[in-house]
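Inside the fold
Residues per chain, in single letters:
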2 protein chains.
Amino acid sequence: MKNSRRHFLQNFTVSALALTVLPRLGIAAKSDLYEQPYDGPVLRVAIMGLGGYGTRVAEAMQSCKKAKLVGVISGTPSKIKDWQGKYNIPEKNCYNYENFDKIKDNPDIDAVYVITPNALHHDQVIRVAKAGKHVICEKPMAVNAKEGQEMVDACRNAKVKLLVGYRMHFEPHTLEVIRMRNAGEFGKVLFFQGLCGFKIGDPTQWRLNKQLAGGGSLMDIGIYAVNGARYMVGEDPVWVTAQETKTDHEKFKPGVDETIQFQLGFPSGVTASCLSTYSMNNLDKFFLNGEKGFAEMQPSTGYGPIKGRTHKGDLNQPVVVHQTLQMEEMSDIILNGKQPVVPVNGEEAVKDLKVMDAIYQAAKTGNKVNLKL
Amino acid sequence: MKNSRRHFLQNFTVSALALTVLPRLGIAAKSDLYEQPYDGPVLRVAIMGLGGYGTRVAEAMQSCKKAKLVGVISGTPSKIKDWQGKYNIPEKNCYNYENFDKIKDNPDIDAVYVITPNALHHDQVIRVAKAGKHVICEKPMAVNAKEGQEMVDACRNAKVKLLVGYRMHFEPHTLEVIRMRNAGEFGKVLFFQGLCGFKIGDPTQWRLNKQLAGGGSLMDIGIYAVNGARYMVGEDPVWVTAQETKTDHEKFKPGVDETIQFQLGFPSGVTASCLSTYSMNNLDKFFLNGEKGFAEMQPSTGYGPIKGRTHKGDLNQPVVVHQTLQMEEMSDIILNGKQPVVPVNGEEAVKDLKVMDAIYQAAKTGNKVNLKL
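Residues numbered from 1 in each chain as written. Chains lettered and ligands numbered in written order. Predicted model: local features only at pLDDT ≥ 70, side-chain atom pairs only at ≥ 80, totals over all residues. Heavy atoms only, no water.

So, about the UniProt feature "domain: Gfo/Idh/MocA-like oxidoreductase N-terminal" (unreviewed entry) in chain A. Within the UniProt annotation, "domain: Gfo/Idh/MocA-like oxidoreductase N-terminal" (unreviewed entry) is assigned to residues 43-166 of chain A. End-to-end, the C-alpha atoms of residues 43-166 of chain A are 18 Å apart, and along that stretch the chain is 36% helix and 21% strand. (UniProt positions renumbered as here; feature names shortened; annotations may be inferred. Helix = DSSP H or I, 4+ residues; strand = E, 2+ residues; numbered from the N terminus.)

Have a look at this one:
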């Protein structure tokens, strides 16, 4: 699909692995081992939303060989100017929120990575799909499952791919734990725990605005525990219970959750216990417990190096720049139909949104909510 | 109180600390430092229930200087014979379950340590109290708060002390975390997590018999998370939610819980997330998170050495034999009116039982249960 848009670059001399892994390890990427030219297809990406995370993705993409930042969509002309200079982006690949539907007439852009406030994703993704471009959307993909499903449907109808920024689905320590689980090295899986939180600062930011964020900590950081529970356990939950606690009603307005505990039940009897919070610093712990062994990860989802250990000892997978690896892999998924170990598509995101809908419902009503994903 | 029963021994030459700490550290207790004679009061104890844990306590008491095993109460004559030989227990200090009320006429026993199946504690403790002896009762003190309160009332009426086997309340790593919390070193406390479980073996044991155990894992191992939440947070919970999961209905009959997750809310807004299970091996983790720091303990309540770390580094308190230290301290509490840092009395146990009653109710109904301890 869309092979005609593939764009071949000949002058990559260092492999993605080298560029992704080596800077973190402090090793100069000059070894002959890695000086292999790349002449495969390259995904040409425009980033929509030039905020903090968009900037992180743009920087990480400088080390990609299979993906390249070629365009921007922003409501702030000065940011566009800045990025144009920094990343050598031609004027014709720059758009604003009014005119970006015209991207459909631009043959030099394959995909748009939507990195805007959560509540805007729905309309923006559908507009990108209608413009015939593949979409990568930051998570949460939407603010509820209904909107998420509409986005999936729109992309399917437009025959474009919809991927979601589940960077952990490519992270080597995470994949090693999943490999061990699949190989039965933990025995029967029994319990998962995910504690995800940070202390949120500036009270005026969009993440604390229900209209833009669609919720509070659960949307932003708790989603790592929701999604993590699913990929660590390897099943989809069938029930949810949840409890909300709010200590600061000024900072966390109605509809913006500060702290939510939630529990998940899985078909096999596995249970999960999770915490999502905007009030605790650096809370980033996963724990998977099985009959024969366990895995502990801390940090488990942060941007920096993931650290973990199992009953067999420390995990020593390569340290990667998550966003670089994600974009390399997403290029392969979009351009070559590669199948990732854990799905990163819109359907995967709708499952998370259904769980999050259920968590909010359970927290509000106090009742157990049954699920069918 | 009961000073007349105090019994002074003159020939202790090694301090309790030395005997408690040193064997674990592999250091011979011969240093001059520890060769201090003890000539204070000694609590003379009879153990009721000569099973596995009773045996552990008896062994640990051999290193005590302030407490001494002097009597036994058992329904098994061969066990009594065995213990008499092993611990030099005179015939006149041996009782069975029919005649132990006669202990009231025995001036050589100060206290009875009840280490029998949970559901028997209520009647046995009340009988011991009526016999005018102090009571130490293994936890859970009873199978519900109502019975627990009756035991507290009976001991108060009989003017005997009622202590409960909360050995962690004396454990040095645990006390260091509590000291740090009280000193504000974690900042405002925000979250506690307690994961407590083991894989229970023999399906015919009393712990899996509702009539004797009063419940399942929550009674036996989950109580560590219930009690731990209270001493780690330093508050009493005001609400409880809980979810039960049962995968083996053959082994875990109705009323015997296999796995229960529960959540607690505290007046300050602290929340706790806990797991109690009979289906996971060696699950023994505490985590206390505050605004400025954290404490992690693993193992957190096991019989062996407790290990922990905080944001300031590893905890390096002395490794102790819990039961030895507990009995030394309980001797001081009973004989000298010493006040422990964390209460170990019957009222403390009733609080735990109220929380456990609420957990069972919440798990059964699916509703949040409000509490007033």
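Read on, since the account is not over.
Turning our attention to the domain arrangement of chain A. All names here are of chain A. Domain boundaries assigned for chain A yield domain 1 (3-167) and domain 2 (168-318 + 346-370). A C-alpha centroid distance of 26 Å is found between domain 1 and domain 2. Of all residues in domain 1, Ala145, Tyr166 and Arg167 bury the most surface against domain 2, accounting for 36% of the area lost on that side. At the junction of domain 1 and domain 2, the tally comes to one salt bridge. Put simply, domain 1 and domain 2 have 14 residue pairs in polar contact (both at pLDDT 80 or more) between them. Broken down by secondary-structure element, the contributors of at least two residues to the side of domain 1 that touches domain 2 are helix 1 (16-25), helix 2 (52-61), helix 5 (145-158) and strand 7 (162-164). With five residues, the single largest contributor to the side of domain 1 that touches domain 2 is helix 5. Classifying every residue of the side of domain 1 that touches domain 2 gives 14 nonpolar, four polar and five charged. (Domains from an automatic or database assignment. Buried area = accessible area lost by both parts, 1.4 Å probe. Salt bridge = Lys/Arg side-chain N within 4 Å of Asp/Glu carboxyl O. Polar contact = N/O pair within 3.5 Å; in protein donor to acceptor, adjacent residues only side chain to side chain. Nonpolar A, V, L, I, M, F, W, Y, C, P; charged D, E, K, R; others polar.)

Residue and element names in this part refer to chain B. Counted according to the given criterion, the structure contains 18 aromatic pairs over all chains. With a centroid separation of 6.4 Å and 70° between ring planes, the pair formed by Phe191 and Phe287 is classed as edge-to-face. Of this pair, Phe191 sits in strand 8 (residues 189-199) while Phe287 sits in strand 12 (residues 279-290), and the two are 96 residues apart along the sequence. The class for Phe287 is buried, based on a relative accessible area of 4%. Taking 6.3 Å as the distance between ring centres and 55° as the angle between the ring planes, the aromatic pair formed by Tyr231 and Phe286 counts as tilted. Placement of the pair is Tyr231 in helix 8 (residues 217-233) and Phe286 in strand 12, with a sequence separation of 55 residues. Here Tyr231 and Phe286 have matching classes, each one buried. (Phe/Tyr/Trp six-rings, centres within 6.5 Å; stacked < 30°, edge-to-face > 60°. Buried < 20%, exposed > 50% of the residue type's maximum accessible area, 1.4 Å probe, protein only.)

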